[in-house]
Amino acid sequence: MDRSIVVYVLSDSIGETGEILSKAALSQFDLGNNEVRRFPYISSKDQVIEILEEAKKEPSVIIFTIVLEELKNFVIEESKKYNIETIDLMTPAIDAISRVLKSEPKRESGIIRRLDEEYFKKVAAIEFAVKYDDGKDTRGIKKADIVLVGISRTSKTPLSMYLAHKNIKVANIPLVPEVEPPEELFKKNPNQVIGLVSQTDKINQIRQERLKSLGLKNNANYADVNRIEEELKYSRDIMEQIGCIVIDVSNKAIEETAGFIMDHKRKNS
């Protein structure tokens, strides 16, 4: 015997959860024909009635993920009139969590979608920070929300990654006396450029540790105090030309510097 059924998936968001569950359930039956019809962004009773008018013409089931109380109840009551089976996917889970937490749910549609969007923005920002780290590609200067500039060991990379986790796209450019800064740096809005400096002894200490970790002697020019002071003077000159703010990161935690940069960005966006 040829058995067929249509599953109508109604959602006040995109309805992906309902569709996946419907297909999983249908796979447990030997059916001649089956179909899943998804109706996302349901927001009115008129939409529900229109779908039910169609569903009553054939063997069907309504599976829905609707969190708005009034609309959810309307789907249930109207489906009874048409003698159509309904499955409410969200309410049992929401009610159980609500009982445990002793807290009322928000009952806002599309929250998970917004959370997903935030996640993908964060991933994009992290990928951006990696791609445009340490001046690898100066094209990132134009695209970046924030550009960090400074000499080696002024926390440019860790700051870039921290800000990326706040959905901010950051490029960072090392300043070296022997290397001309990229032209794009001077064309960037100075409010989007952050200069990083530190005390000579702090940089010297960090660079010596870096040399030690690489198995090199700590008397290399890289960790020389005079060389560091030369680099810092050069970097301050460049920052003055750009007209950007300058942050001394000597005694600041990454979180503190990042907080200052985010406040600066908010004030100037």
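Note that the structure is predicted; figures quoted are calculated from it, not measured. (Residues numbered from 1 in each chain as written. Predicted model: local features only at pLDDT ≥ 70, side-chain atom pairs only at ≥ 80, totals over all residues. Heavy atoms only, no water.)

## Describing helix α11 (residues 254–268)
Working step 1: For α11, built from 15 residues, the straight-helix expectation of 21 Å at 1.5 Å per residue is met to within 8% by its first-to-last C-alpha distance of 21 Å.
Working step 2: The complete set of buried residues in α11 reads Thr257, Ala258, Ile261, Met262 and His264. Buried residues of α11, seen end-on, are gathered within an arc of 160° and therefore sit on one face of the element. Opposite the buried face of α11, at more than 90 degrees from it, the exposed residues are Arg266 and Lys267. (Helix = DSSP H or I, 4+ residues; strand = E, 2+ residues; numbered from the N terminus. Expected span 1.5 Å × (residues − 1). Buried < 20%, exposed > 50% of the residue type's maximum accessible area, 1.4 Å probe, protein only. Arc of directions from axis to C-beta.)

## Section: the pattern of salt bridges
Working step 1: Under the criterion given, the structure shown has 18 salt bridges.
Working step 2: Between Lys56 and Glu53 there is a salt bridge, with its nearest N and O atoms 2.9 Å apart.
Working step 3: Among the residues examined, Lys56 registers a relative accessible area of 44% and is labelled partly exposed.
Working step 4: Glu53 gets classed as partly exposed once you look at its relative accessible area, which sits at 32%.
Working step 5: Among the ionic pairs, Asp263 bridges to Arg266, the shortest N-O distance being 2.3 Å. (Salt bridge = Lys/Arg side-chain N within 4 Å of Asp/Glu carboxyl O.)

## Some words on the packing of aromatic side chains
Working step 1: A full pass over the atoms with the stated rule returns two aromatic pairs.
Working step 2: On the basis of an interplanar angle of 55° and a centroid distance of 4.5 Å, the ring pair of Phe128 and Tyr132 is categorised as tilted.
Working step 3: Classification of Phe128 as buried rests on a relative accessible area of 8%.
Working step 4: Given a relative accessible area of 3%, Tyr132 falls into the buried group. (Phe/Tyr/Trp six-rings, centres within 6.5 Å; stacked < 30°, edge-to-face > 60°.)

## Digging into helix α10 (residues 225–242)
Working step 1: Given a rise of 1.5 Å per residue, 18 residues ought to cover 26 Å, and the 26 Å separating the end C-alpha atoms of α10 matches this to within 8%.
Working step 2: Taken residue by residue, α10 has Arg227, Ile228, Glu231, Leu232, Tyr234, Ser235, Ile238, Met239 and Ile242 as its buried positions. Along α10, the residues classed as buried sweep out an arc of 165° about the axis, all on the same side. Facing away from the buried surface of α10 by more than 90 degrees, the exposed residues are Asn226, Lys233, Glu240 and Gln241.
Working step 3: Contacts from the buried residues of α10 go to β5 (146–150), α8 (184–187), β7 (193–197), α9 (200–213) and β8 (245–248).
Working step 4: Residue Asp224 occupies the N-cap position of α10, its side-chain oxygen lying 3.1 Å from the main-chain nitrogen of Asn226.
Working step 5: Phi turns positive, to about 85°, at Gly243, one or two residues after α10. (Contact = heavy atoms within 4.5 Å. Polar contact = N/O pair within 3.5 Å; in protein donor to acceptor, adjacent residues only side chain to side chain.)

## Considerations on the pairing of β5
Working step 1: For β5, a buried count of five out of five residues is recorded, marking the element as mostly surrounded by other parts of the structure.
Working step 2: Neither face of β5 is left uncovered, since the one carrying Ile146, Leu148 and Gly150 and the one carrying Val147 and Val149 both have all their residues buried.
Working step 3: Judged from the five bridges that link them, β5 and strand β6 (residues 170–174) form a sheet pairing that is parallel. When the bridges of β6 are listed, Ile146 appears paired with Val170. (Pairing = 2+ DSSP bridges.)

## Considerations on the nonpolar core
Working step 1: Ranked by internal contacts, the top residues of the largest apolar core, which has 21 residues, are Val147, Val149, Leu175 and Leu185.
Working step 2: Contributing elements (two or more residues each) for this core: β5, β6, β7 and α10.
Working step 3: Sorting elements by how many residues they give to this core places α10 first, with six residues.
Working step 4: When residues no more than four places from it in sequence are discounted, the contact partners of Leu185 are Ile141, Val147, Val149, Ile173, Leu175 and Ile242. (Core = buried A, V, L, I, M, F, W, Y, C linked by side-chain atoms within 4.5 Å.)

## As for the side chain of Lys188
Working step 1: When you line up the elements, Lys188 lands in the loop between α8 and β7.
Working step 2: Among buried Asp, Glu, Lys and Arg side chains, Lys188 stands out as unpaired, with Asp145 the closest opposite charge at 6.9 Å.
Working step 3: Here the side chain of Lys188 touches Ile141 through a polar contact of 2.8 Å, landing on its backbone oxygen. (Lys, Arg positive; Asp, Glu negative; His and termini not counted.)

None of the figures reported here should be taken as evidence of function without further support.
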